[in-house]
Structures are given as structure tokens and as C-alpha cells.
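# Overview (structure and organization)
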Amino acid sequence: MTGYILKRLLSAVPVLLGITVIVFLIMALIPGDPALAILGAYATPENVAKINRDLGLDAPLVARYFIWLGNMLTGDFGTSFSLNRPVIDEVLDRFSATLLLAGTSFLLCTLLGIAAGVISAAKQYGWADKGITFAVLLGISIPSFFLGMMMILIFAVELRWFPVSGMKMAYGGGGFADVANHLVMPAFALAVVATGVVARLSRSAMLEVLRQDFIRTARAKGVREGRVVWGHALRAAMVGIIPVLGIQAGFVLSGAVYIEMVFQWPGVGRMLVDAILKRDILLVQGGVVFVAACYVLFNIAVDVAQSLLDPRIKT
Amino acid sequence: MQFLTLLMRNRLAAAGGIVLSLVVLLALVTPLLPLANPDVTDTANRFLMPGAQGHLLGTDHLGRDLLARLLHGTRLSLAVGFAAAFFAAFFGAAIGIIAGYFGGRTDNLIMRGVDMLMAFPYILLALAIVAALGPGLTNALIAVAAVNIPFFARNIRGVTVGLAHKEFVDAARLAGLGHTRIILTEILPNVIPVIVIAMSTTIGWMILETAGLSFLGLGSQPPQADLGSMLGEARGALITNPHTSIVPGAMILVIVMGINLLGDGVRDALDPRLRSGALTRPMPATRVERKGTIPDQGDGEAVLSLRQLQTQFHVKNRIYKAVGGVDLKVAPGECLGVIGESGSGKSVTALSVMGLVASPPGVITGGAVYFQGEDLVGAPYEHLRSLRGDKVAYIFQDPLATLHPLYKVGDQLIEAIRVHHPVGRSEARARAVALLKQVRIPNAESRIDSYPHEMSGGMRQRVGIAMALANDPEVIIADEPTTALDVTVQAQILSLLDELRRERGLAIVFITHDFGVVAQLCDRVAVMYAGRIVETGPTEAVLNAPAHPYTSRLIACVPELGGGRRRLEAIPGLPPAVDRLEPGCAFAPRCLKASAACREGDIALEGPGMRAVRCIHPEAELEEGVA
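The text that follows walks through the structure, step by step, so that each part is easy to find. Here the structure is a predicted model, which is why all the values come from computation and not from measurement. (Residues numbered from 1 in each chain as written. Chains lettered and ligands numbered in written order. Predicted model: local features only at pLDDT ≥ 70, side-chain atom pairs only at ≥ 80, totals over all residues. Heavy atoms only, no water.)

This next bit is on the overall build of chain A. For chain A, the helix and strand inventory stands at twelve helices and two strands. Along chain A, from the amino end to the carboxyl end, the secondary structure elements read α-α-α-α-β-β-α-α-α-α-α-α-α-α. Principal axes of the C-alpha set define a box for chain A whose edges measure 80 × 55 × 35 Å. Residues classed as buried in chain A amount to 53% of the 315 residues present. In chain A, once contacts between residues fewer than 6 apart in sequence are set aside, the share between residues at least 24 apart is 72%. If you sum the accessible surface of chain A, you get close to 13900 Å²; carbon and sulfur atoms cover 68% of it. (Helix = DSSP H or I, 4+ residues; strand = E, 2+ residues; numbered from the N terminus. Buried < 20%, exposed > 50% of the residue type's maximum accessible area, 1.4 Å probe, protein only. Contact = heavy atoms within 4.5 Å. Areas by Shrake-Rupley, 256 points an atom, 1.4 Å probe, with all protein chains shown as cover.)

So, in C-alpha cells, the structure goes:
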């Protein structure tokens, strides 16, 4: 198993390098002189030269890439000019908030999605199945940012169950209960789409498995129907569900950008949007590479989970 | 055309299609409608509520008419979404076709790049592109299209790889056509349907994504507004004037939902598996719709007695009479062979006993199954379940498919025991090891922790037998347990079963298509054809003097070792389809002795003592056989 994990980690190296190349090339596409774009009205020749030196823009393209890569490997992602703060510090701060939000949503969509899919399949064509199918359709059709706004109207403004936005109270907040209270709405709003997708997939995976011969064997043994469905069938269906969970993690992470905007959540997505609007290139680069790298590592974890679940995979 | 009828039959998909068409139509005619100018501000009339004079949907934070803005925004959102889908499909398909057609190193290089792009959460890539190009609707469109290119490239490549080595492409190549020509004339026309389907499933998503980027302020810039940026601008007034948010948000929801409904309908109409209803899950027990009188048990010696059992498959308007009134009985310590070609209904008969026929489509429509004097047809599920595996156990064909692939064989055995007996795990495990030893699995103590895929076919079948024996059942129903095995393993398994029934006195119903196996193991045999028993009797008697023409032809099919050179007679023709059985003998169309009387009406299963045949021209006089 350790060998397998190492092997998967090694195979991630070219992917990670590829990500840095792609991000670097996209940023190199920036038309015109980035220094001018950054400085705007303050673009005196000295300032432009200084920015170009700071950003390493005076070197040839390939050399610039390797300087940038080398710096990143030592943990130096450069300095954000708009925040006047090391990029890595800002990214780490913001990413922890995103991780809390996206992680909670991911757990929610996994649990709710699989449960809904299993119930839907086990009660195929019954009222539960129809209800779930309709809810799923609604869930995958509603833009998460619109859903978030509607939740604010209903649950924060009308019912006053949860705070409107933010991650903690401005004064005297920040404890576990306070953050959890702030987390409920954004986490649900973010989880809805992914829950729908997971539920759909779980339903069809379960229907596929429930027709298999080994399910008939379990029934012939006298295994209780609950265990047939939630044990035998779900266990086999998970083999098809887990890889999709890896993909869904990417969707949750992506959706977090909108949800962070709607709920004023101080995460990495809002940071990126602000950075783009302020043309803070180093912050964008650093944020994108960091989050993408985390996502790649997460997918390795998913592969490992899959190999633990399915003994037929050679590790 | 057929596709369209199928699509329209799906009411939800039709509704989605209609709603979507309406929205698209509305967007197309928007410039012709008598609407206010969407960009003219009127700060005196800010935030008018829907229904206000001259403003059907009210006004926004700058006093602009919401209806006009909504329709123009819809127009823009649809246009951008379609454009993004088109560009993504165009470039994705081009990349996919090139990779798939040329293969080799080109393919490898391109697909590596595509995989790399797919390693990103899509929004990061889109944000990076917008960051580089700057905010704006065109740039948002480029970003959304670019992010979706890998998806198309991958799908189209898969299809192209399949096409690139088809005969017609080879023929074009041999005819000296250039690559471009082949791609355009031979490959592309075959790929286009796939492109269209992929577009229909992603377009809703692309509309959402561009709306999302606009919502973030990275897409359309004021005063121009698509639905996303309308929502983004309205967000500031969400709490004070929610209608300015609800109007564009609801429109996005309607559009995307329409597209999703339609897309699901398209997919269902194109996927033949969904069409035939094959993706239905079997219920825990077979459906029972018993009509007519319930037959009595008959003579009381038998532990299991099937009386006039009828099981049918109801598929759409067709009724397949898989089992058409079968009588069978088996006494303790006895082995009954049920023999017939595939499709004769022997397996369905066996599965009906414990309600294991997949349902839908299976339905038990008549007769009774008496186990120890109690009728099980229509018994409550919980009662049926308590008997399954405990009193009546099954051994199935093909143990690779019938054992759970992800559970250790030991755990499957332990579960079989613990379902019916409240013993501790360690005790159950000890019992499982003993069972594995009993079916002669070497190194039972270590093999118990193996997964099914780590065992040979013979070993797996032994596990299947051990599982059937786990609770010391009264009856074992073995459904072709040796068919998948080679001859030596088969012989071992058969002698094992024989020994067990002598030791334990259990009754065995042995289902097979092999007379050799019947001769070796069974006391009595019943021959099935088209869902009915056509002949029955002690094995010896049936084998030596088969009375039904079908039985004798079936026996003639069996090669005999050392039997000299003998013509092996295949039976001409095929068994009848059980959804349109003719009156009279079902074998008549294939029978050399068939006469008009054979096709007239029901022929009874008659004979002296234990022998019986359903034939008016039997091959031999029946003698009362002795078991």
C-alpha cells in the first residue's frame, strides 16, 4: 500500500509541473505590458523598471519560468502588490477558510447524495424516487449563487435562523459555535448541485448493481433487505461512485468561488476574483497553482481510497 | 422520426423542450417587441415593484425597466452560452479527431495535455484565462469555451479511435485519399451525432458558467448585462428589493431546467438500455398475482412439493409463460434432476420456490409451493426470508458472478450463518472454516480470507456449496452448479454433493442440461420443455427407455465415452418462444412423429406409478419404474 501511494505521488509530479507550465503560459499571454497594467497612473519609467525587475519580467520566457518555479519550490510565491503581503501567507489564510467551506460541502454532498441515490434506487418508481428525482433536477438546474441569495432572504432575513454573511461575528465572535452558525447556509448552498450529481450517479450505479447475480445470492442466503441494499449493493456501487466524488470535489471547489462572493466568506475564491479585478498577477498565479496542486493531491487520496475499497485493483 | 416520438412520449422532456423553445423564441423576437430601452436610467423611479405603471416587472436600482433588461439579458446569455458550446465543440472535436485519427505519438502528446487541463478544478482555469485577458463578456466566453474543450476532445477522440480502423476508412486510405479528405468525408459525418449529444448535455452548464463569471463581475460589463451580471448588480439590494434578484435568477433556473429536462429525454431516447426498461431493479421477492384455485399439497412424503406452478414474465404487452404449470416433488435424502435446454424454464422454476425470480418482470401467477406442508407462494416477505438459506438453500451457476466480488469468502460464509443464527463472530468463523474443510478446500484457515477473484472456478463453486450448507438446510436447489467447470472438477463436486445428501439426508433439486450429470447423481429426473414437464420417472428408467420423443433426442445428443462411432444427433429447430405458445404439444414443430392430434389441445402428463409422459405417440411403453 505504501508503495502504491508513493507510486501515485510520483506520477503526480509531471501533472503538477504541467499545471505550473499552463498557468505560467496563460499569464505570459497577458497583452501589453503588465507593469503598465499594474501601475496604471503611477507608471513612471523607474516604477515600470522596478516592477519588471520584481516580477522578473526582464528575463527570457523560459528562464522566467524556471526562476518562478524555483522560487515556488522554496515556498516563495512572490509578494502581492495590492495587499503588500507575501502571496503564500495570504493564500494559506484564505485557503483554510475555503477548505472549511468546501470540505463541509463535500461531506454533505457525499452523504446526502449517496443516501438519496440509494433510497431512490431501492424504491424505484415509488413516491420517494419521484420526489428525489425532482429535487435532484431542481438542484442541478439552480445556479448556486442564486440559491445562496434566496437562502439569505428566507433563512437569514425572514426567519432569522442564520447570520446573513461572513464567517464570524465582527465583535466577540469566532468560536466554534459562531463559525458553525455562519457555515450552515453557504455549505448547504454549495453542496446542492454536487449532491444532485452524486445522487443521480448513485441511483444509476445502484440500479446496475441491484440486478447483479451476487445480490440474488445475498437474498437467497436470507440476508435482510436493508443489508442487501445498504451493504452488499452499496459496497459494490461505491466502486463506481468514488471516482465521481473526486471529480465532484473539483466542482465544489469551483462553486465555492460564487458562494464566497454571495456570503462574503473570506476564502481563496473571493481573493482570486479581487486579485483579477486589481490585476494582481502574482496573487492570481500563486492562488491558482496552490489550489490546483491541492486538488491533484486530493485526487490521489481518492485513488488510494478506491484501491482500499476494491481488492481487485492491483496496488 | 422514431427518435422524436420517443422524445415526445417522455412528458417531462417534452415540457422542457416547449419551455426552452418559448424562451429561445422570446429572445429571438426581443428587438421587435415594444419594450423600453433596457439601458435608459431613471433614478426617480428606482426599485419599482412588479406591476408598476409601465413596468411589468418593475425597475432596478437605476430605474431601468426590468422586463426589457430581462429579455435582453436572456438573449445575451443564450447567445454566449450557445457560442461557448459551439466553440468548445469545434475545437474539442478538432483536437479529438486529430488525436484519435493519427494515434500513436500525436495522440499520446495531445491527450497528455488534455489530461493536464482536466487536472484543474475548471473555475481555476477559467479565472486564470480571464485574469490574463481581462474582464469582459468575450473573454468570459473564451474562458468557458476553453475550459470545456478537454471534455469534448476526450469524448470525440474515443469515438474516432473506434472509427479510424473501420473498413470504410481503410478503403478510403487505400483509394489514395489524403488525410484531410478522409477526416472530412469519412470520419466527421460519423462523429457529428456524438458532438451534438455532448453539446446538448453541456450547454446548460455553459450558460450557468458564463452567468457565473458575469455574476462575479468578470463577464459582461455595464451597461450591457446578461442574466448573470443582472443578478450580480442586484445583489447589493438583495434584502431591500429582492425582486431585482429573483427576476434574473428565476430566468436562469427556467432555462437550465428546460435544457436539463430535454437533455435527459434525449439521453433516455438514445440509450436502448433505458428504453427496454432493463434498468429496473428486482424487488426483494417475486411478485405474486395468483389466480384460480390453489392446488392442495398432494401426497405428504415430500419435503418440497411444487403444484401447478406458473411463473410468467410480463414485459410491456407481452406475456412470457416461462413456467406453465409444473408439478415437482422431492423427498428427504432424494435427488431430483430437472433437465432441459436453456430457456426451458428450469431455472425459473427453481428460483420461483423462494421467490427469487427477478421482479419486475417476473410474476408468479398460479399454483403452489409447499415446503414441509406450508404454501410459500404469497407468504409474507419476512417469512420467506427466514426460510431462505436456512431451510432451502441455493447453489448457483458461475460463482464468479454469484459471490460478492468485494467481500472475503469467509465473511460471506459468516454472514450466511449469522443471518439465521445469533452466534458470535469467532464462533461463526470457526464454523465457516469447518464448512470450507467439509467441501475440501485445502488450507481452509488461510483461504477463508481470500477474495473470490483470488480463487479458481472449482474453489469458488465449493465456496458456493459451503454457503448453501451453512445452516444445514432441508433442501438444496442447485442451478447448473457445474456447468462452468471442467470435467474433473465437475466430477469432484458431484461426488461431494452426493456424499453430503447421504450423510445429512438433505433433499437436492439438481438443475442441469446434462444427462451425464443426471445419471451420476439423481434418483429421479423430470424433463422440461417450453415451461412444462414432458416426462418424468426414475433416472434409470428414463435413460434406458425414454418415452417422450424430446427426451430420446436429448439423450441422443450426449456423446458416450467408449460408445464407438455413433452419429450425434442435434435436434433440428429451436425451442418455441414462450410468449406465443400454440395449443397442444410445444415440441410438435420439431418432432418427427407429430400428427394433427398433437396440435389440438392440452396433452396430459400420464403414466403408471412414478413414470409419466406428456405425449400421445410415446417412443416406448411406460413401465412402472422403481426408484
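Moving on from the coordinates now.
All names here are of chain A. Close contact between helix α5 (residues 87–122) and helix α10 (residues 225–262) brings their axes to 8 Å; oriented N to C, the two are set at 140 degrees. Here α5 and α10 pass one another in a crossing that is right-handed. In this structure, α5 uses T98, L101, A102, S105, F106, C109, T110, I114, A115, V118, I119 and A122 to contact α10, whose residues at the interface are V229, W230, L234, M238, I241, L245, A249, V252, L253, A256, I259 and E260. Its residues placed into classes, the contact of α5 with α10 shows 20 nonpolar, three polar and one charged. (Axes fitted to C-alpha atoms, helices over the stretch in contact; angles between N-to-C directions. Left-handed = near helix turned anticlockwise from the far one by under 90°. Nonpolar A, V, L, I, M, F, W, Y, C, P; charged D, E, K, R; others polar.)

This brings us to the environment of A302 of chain B. Residue and element names in this part refer to chain B. Note that A302 resides in the loop between β1 (287–288) and β2 (304–315). Linking A302 and A507, residues 205 residues apart in sequence, is a C-alpha distance of 9.3 Å. Among residues more than four places away in sequence, those in contact with A302 are Q297, K329, V330 and A331.

Listed as interface residues are 76 residues of chain A and, on the opposing side, 76 residues of chain B. Carbon and sulfur atoms supply 71% of the area that chain A and chain B bury against each other, a total of about 6800 Å² over both sides. Where chain A touches chain B, the interface holds two salt bridges. In this structure, E415 of chain B engages K221 of chain A in a salt bridge whose closest nitrogen and oxygen atoms are separated by 3.1 Å. (Buried area = accessible area lost by both parts, 1.4 Å probe. Salt bridge = Lys/Arg side-chain N within 4 Å of Asp/Glu carboxyl O.)

The next thing to look at is helix α8 (residues 176–210) of chain A. Over its 35 residues, α8 of chain A runs only 42 Å from end to end, short of the ideal 51 Å by more than 12%, given 1.5 Å per residue. Helix geometry: α8 of chain A is bent most strongly at V192 of chain A, by close to 40 degrees. (Expected span 1.5 Å × (residues − 1). Bend = angle between axes of the 7 residues up to and from the residue.)

Attention now moves to the packing of aromatic side chains. The geometry of an aromatic ring pair is captured by the separation of the ring centres together with the interplanar angle, meaning the angle of the planes. Residues and elements named next belong to chain A. Tallying each qualifying case throughout the model produces 21 aromatic pairs over all chains. Measuring from ring centre to ring centre gives 6.3 Å for Y65 and W68, while their planes differ by 55 degrees; the resulting arrangement is tilted. Of this pair, Y65 and W68 both sit in helix α4 (residues 61–73), separated by three residues, roughly a single helical turn. The same class applies to Y65 as to W68, namely buried. (Phe/Tyr/Trp six-rings, centres within 6.5 Å; stacked < 30°, edge-to-face > 60°.)

Let us look at the nonpolar core. F120, L213, F215, L216 and I255 of chain B are the most contacted members of the largest nonpolar core, which totals 168 residues. Among the elements that take part in this core, α10 of chain A stands out by supplying 20 residues, more than any other. Counting residues in each nonpolar core, the second largest holds 62 residues, with I493, V527, Y529 and V578 of chain B among its members. (Core = buried A, V, L, I, M, F, W, Y, C linked by side-chain atoms within 4.5 Å.)

Further remarks concern the packing of helix α6 (residues 137–164) of chain B against helix α8 (residues 179–215) of chain B. All names here are of chain B. Where α6 contacts α8, the axes come no closer than 9 Å and their chain directions differ by 155 degrees. The angle between α6 and α8 falls in the class roughly antiparallel. Crossing of α6 over α8 shows right-handed handedness. (Parallel < 35°, antiparallel > 145°, perpendicular 65-115°, else oblique.)

For the bond running from P222 of chain B to P223 of chain B, omega is 0 degrees, close enough to zero to count as cis. Position of P223 of chain B among the secondary structure elements: in the loop between α8 and α9 (227–234). Across the junction of S359 of chain B and P360 of chain B, the peptide omega takes the value 5 degrees, indicating a cis bond. Within the element layout of this structure, P360 of chain B appears in the loop between α12 (346–352) and β5 (362–371). You will see that Q264 of chain A, though not glycine, has its phi angle at about 55 degrees, which is positive. Structurally, Q264 of chain A can be placed in the loop between α10 and α11 (268–277).

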